Amino acid sequence: MSFKAINLSESMIKSLNRQKYFEPSQIQLRTIPKALRGETLMVQSSTGSGKTLCFLIPIIDSINLSKQETQAIIIAPTRELAQQIYNFAIPFADEFRRLKIRLLKSGEEIENSMKGLSISPHILIGTPGRLSEVLAQKHSTLLNNVKTIVFDEADMLLSEGYFEEIDKFVLQIKNPQFLVFSATLEANLAHQLEKYVGPNTPIVNEEVMTSSNVTHYMVDIKHIDINNATKQFIDAVNPYLLLIFASKKETANSVYKFLKLNGYKAGLLTGDLSSRERKNVMKQLQNDKIFILVCSDMAARGLDIPNVTEVLNIDLPNNLEFYYHRAGRTGRFDKKGKCFTFYNNDSTRKPLALISNGLSFEYLALKEGELVSGKPIERTHPSKKHIDPELAKEIKRISNQSSTKNKKVKPGYKKKQKQAIEKAKQKHRREIIKKDIRRQRVERYKKEGRNNG
């Protein structure tokens, strides 16, 4: 089915075709018509499925260009993501000649962000903190005619505690259309978003966590140290463009320095880099100056880096959902990709958890500098889930209440008991997330205090 089957303007069709977009992806087909009708949506879709166009197409096609007023705000958690969305949006201005789009992102002087805002842009794209600062100084006059608000990578906005900044301006807008996008939309996130989208907002779900174009591998590195294992892996695979992920910034720095010392054309992308340094790394990638990028999860989340052929996890993240985000950097837009993960016999818990979630792996081993066929990971002992004592106590109370309240068993009591236990677990998870957000906020304030001092 082509984009012509969707109720789009001739200008939009021309713009899409000029940019070599002829057929909508599944998630675009399911999302764009609803968004054009002004519906509020929560969209869960795998990375690389084209979700940026899911909100840019209906927003741009619905803009009233005869009025010079801000009609849409797009919020992204990182400046790289905000820049990426802006880069996607700018080419549409060739057909929509009077369209004004403005990027407001952290990492630049506030004075630069304020320049030119005497004329309201039709679309504002930015990070939460910078949007909040600019809109406060503009006395929120830009908010008077906003019709649509986009939360991109909403789970990351939540985990980083950004909704406190977002509320400063979003809650001033009367009855906007919300378009919420995330690769994962768990119950706790949907619950947190209810105050914006309402309790009964439909979730458009592609039901695919990673692209079917990605082949997943587990690589047994035995007891080779990470730096040497990474070097041997690169020599064995000879990648065209490789992203290497590390859960800790210290590990990413160590691997990057080791590779540079050994003459590899590598770059580093972590949250510790300045805005200028991060821009320089992305420019080197675009100009084919480097073919290896060592990343932390937060720095590379959601980035659309073309032609990534391989992803290497030198370790697995504590939150295994990030595995899907990492793997989604390759195999994008019908291209094939490979995702490799290092492990050894001392680190099988997380790989086994991914396997239990239904992910299928091929098995390799690193031996004498070569990748050879490996054996599937075996469970050496039954895995035990750690349960918080307070949660265990609550589950026991619910179980006892259900079993002792009546000697006669009522119909459906097991189902009700299961629902009560699940509700207790969800409440417990939400409390953990809230505590973590408070912790991160305190850390951020301390860091800002040190920088200002």
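Residues numbered from 1 in each chain as written. Predicted model: local features only at pLDDT ≥ 70, side-chain atom pairs only at ≥ 80, totals over all residues. Heavy atoms only, no water.

Chemist: Looking at this model, I keep getting lost on the packing of aromatic side chains. Mind explaining?
Modeler: Where two aromatic rings form a pair, the distance of their centres and the angle of their planes describe that pair. According to the stated counting rule, one finds eleven aromatic pairs in the structure shown. Relative to Phe 178, the ring of Phe 151 lies with its centre 5.7 Å away and its plane at 45°, an arrangement referred to as tilted. In this pair, Phe 151 sits in strand β5 (residues 148–152) while Phe 178 sits in strand β6 (residues 177–182), placing the two residues 27 residues apart along the sequence. For the pair formed by Phe 151 and Phe 178, the shared burial category is buried. Look at Phe 233 and Phe 340: their rings are 5.0 Å apart centre to centre, the planes differ by 70°, and that puts the pair in the edge-to-face class. Residue Phe 233 is found in helix α10 (residues 226–237), and its partner Phe 340 is found in strand β13 (residues 337–343); the two are separated by 107 residues along the sequence. (Phe/Tyr/Trp six-rings, centres within 6.5 Å; stacked < 30°, edge-to-face > 60°. Helix = DSSP H or I, 4+ residues; strand = E, 2+ residues; numbered from the N terminus. Buried < 20%, exposed > 50% of the residue type's maximum accessible area, 1.4 Å probe, protein only.)

Chemist: Would you explain helix α12 (residues 275–286) in this entry?
Modeler: Given 3.6 residues to a turn, an α-helix orients residues that are three or four positions apart in the same direction. With twelve residues, α12 should reach 16 Å at 1.5 Å per residue; the first-to-last C-alpha distance of 17 Å fits that figure. Looking at the residues trailing α12, positive phi occurs at Asp 288, about 60°. (Expected span 1.5 Å × (residues − 1).)

Chemist: Even after reading the chapter, I still don't get helix α15 (residues 349–356), so can you show me in this structure?
Modeler: Looking at α15, one finds that the buried residues are Lys 350, Pro 351, Leu 352 and Leu 354. One or two positions beyond α15, positive phi appears at Gly 358, with a value near 100°.

Chemist: I would appreciate a short explanation of the pairing of strand β2 (residues 72–75) in the present structure.
Modeler: Strand residues, when the strand is regular, have side chains that alternate between the two faces of the sheet. Neither face of β2 is left uncovered, since the one carrying Ala 72 and Ile 74 and the one carrying Ile 73 and Ile 75 both have all their residues buried. Pairing of β2 with strand β4 (residues 123–126) involves four bridges; the strand directions are parallel. In the sheet register, Ala 72 faces β4, and the bridge partner there is Ile 123. (Pairing = 2+ DSSP bridges.)

Chemist: Explanation requested: the sheet that holds β2 in the structure shown.
Modeler: Taking strand neighbours across the sheet as the criterion, the seven strands line up as β3-β4-β2-β5-β6-β1-β7 in an open arrangement whose pairing is parallel. Edge strands, defined here as strands with exactly one partner in the open sheet, are β3 (101–104) and β7 (203–205). Pairwise comparison of adjacent strand axes, ignoring direction, gives a mean angle of 15° for this sheet. Sheet topology places strand β1 (residues 41–44) next to β7; three bridges connect them, and they run parallel. By the bridge assignment for β7, Val 43 is matched with Val 204. The sheet strands contacting helix α3 (residues 51–62) are β2, β4, β5 and β6, and the helix crosses β6 at an angle near 165°. Taken strand by strand, helix α4 (residues 79–89) contacts β2, β3, β4 and β5, and its axis lies near 170° from that of β3. (Axes fitted to C-alpha atoms, helices over the stretch in contact; angles between N-to-C directions. Contact = heavy atoms within 4.5 Å.)

Chemist: Please explain the sheet that holds β13 as it appears in this structure.
Modeler: The strands that make up a sheet pair up through hydrogen bonds in the backbone, lying either parallel or antiparallel. Overall, mixed pairing links the eight strands, which are arranged β10-β11-β9-β12-β13-β8-β14-β15 in an open sheet. The sheet terminates laterally at β10 (266–269) and β15 (370–373), the two strands that pair on one side only. On average, each strand axis in the sheet is inclined to that of its neighbour by 25°, with strand direction left out of account. Sheet topology places strand β12 (residues 310–313) next to β13; four bridges connect them, and they run parallel. Residue Glu 310 lies in a different strand from β13, and its bridge partner there is Lys 338.

Chemist: Quick question: what am I supposed to make of the side chain of His 216 here?
Modeler: You can see His 216 is positioned in strand β8 (residues 214–220). In this structure the side chain of His 216 is engaged in a polar contact, spanning 2.7 Å, whose partner is the side chain of Tyr 323. (Polar contact = N/O pair within 3.5 Å; in protein donor to acceptor, adjacent residues only side chain to side chain.)

Chemist: Quick question: what am I supposed to make of the pattern of salt bridges here?
Modeler: Once their charged atoms are close, side chains differing in charge can pair, the charge on each being opposite to the other. Throughout the structure, instances matching the rule amount to ten salt bridges. Two residues, Glu 80 and Arg 278, come together in a salt bridge whose shortest N-O distance is 2.4 Å. One end of the pair, Glu 80, is in helix α4; the other, Arg 278, is in helix α12, with 198 residues separating them in the sequence. The pair formed by Glu 80 and Arg 278 is uniform in burial state, with each residue classed as buried. (Salt bridge = Lys/Arg side-chain N within 4 Å of Asp/Glu carboxyl O.)

Chemist: Honestly, the confidence of the model for the protein in this entry has me stumped. Any pointers?
Modeler: On average, the protein scores 83 in pLDDT, and the residues at 70 or more come to 84%. Mean pLDDT in the protein bottoms out at helix α13 (residues 297–300), which sits at 65, and peaks at β2, which reaches 96. (pLDDT = per-residue confidence, 0-100.)

Chemist: In this structure, what is going on with the packing of α10 against helix α11 (residues 249–261)? I would like to understand it.
Modeler: Two packed helices can be described by the angle between their axes and the distance between those axes. As a packed pair, α10 and α11 sit with axes 10 Å apart at the nearest point and diverge in direction by 55°. Here α10 lies oblique to α11, going by the angle between them. Crossing of α10 over α11 shows right-handed handedness. Where α10 approaches α11, its residues Ile 226, Asn 227, Asn 228, Thr 230, Lys 231 and Ile 234 are matched on the opposing element by Ser 254, Val 255, Phe 258 and Leu 259. (Parallel < 35°, antiparallel > 145°, perpendicular 65-115°, else oblique. Left-handed = near helix turned anticlockwise from the far one by under 90°.)

Chemist: Explanation requested: the nonpolar core in the structure shown.
Modeler: Burial of nonpolar side chains together is a common tendency in soluble globular proteins. Grouped together as the largest cluster of nonpolar side chains are 39 residues, with contacts concentrated most on Leu 8, Phe 55, Ile 74, Ile 123 and Ile 125. Here this core gets seven residues from one element, more than from any other, and that element is α3. Once residues within four sequence positions are removed from consideration, Phe 55 is found in contact with Ile 74, Ile 85, Val 150, Asp 152, Leu 179 and Phe 181. Ranked by size, the runner-up nonpolar core spans 32 residues in total, among them Ile 110, Leu 124, Leu 157 and Ile 166. (Core = buried A, V, L, I, M, F, W, Y, C linked by side-chain atoms within 4.5 Å.)

Chemist: Please clarify how the pairing of β5 should be interpreted in this entry.
Modeler: β5 sits mainly inside the fold: five of its five residues count as buried. Side chains of β5 alternate between two faces, with Thr 148, Val 150 and Asp 152 and Ile 149 and Phe 151 buried alike. Two strands pair when backbone bridges link them, and β2 and β5 are joined in this way by four bridges, in the parallel orientation. Bridge assignment links Ile 74 to a residue of β5, and that residue is Val 150. As judged from the five bridges shared by β5 and β6, these two strands associate in the parallel manner. The residue of β6 that forms the bridge with Val 150 is Leu 179.

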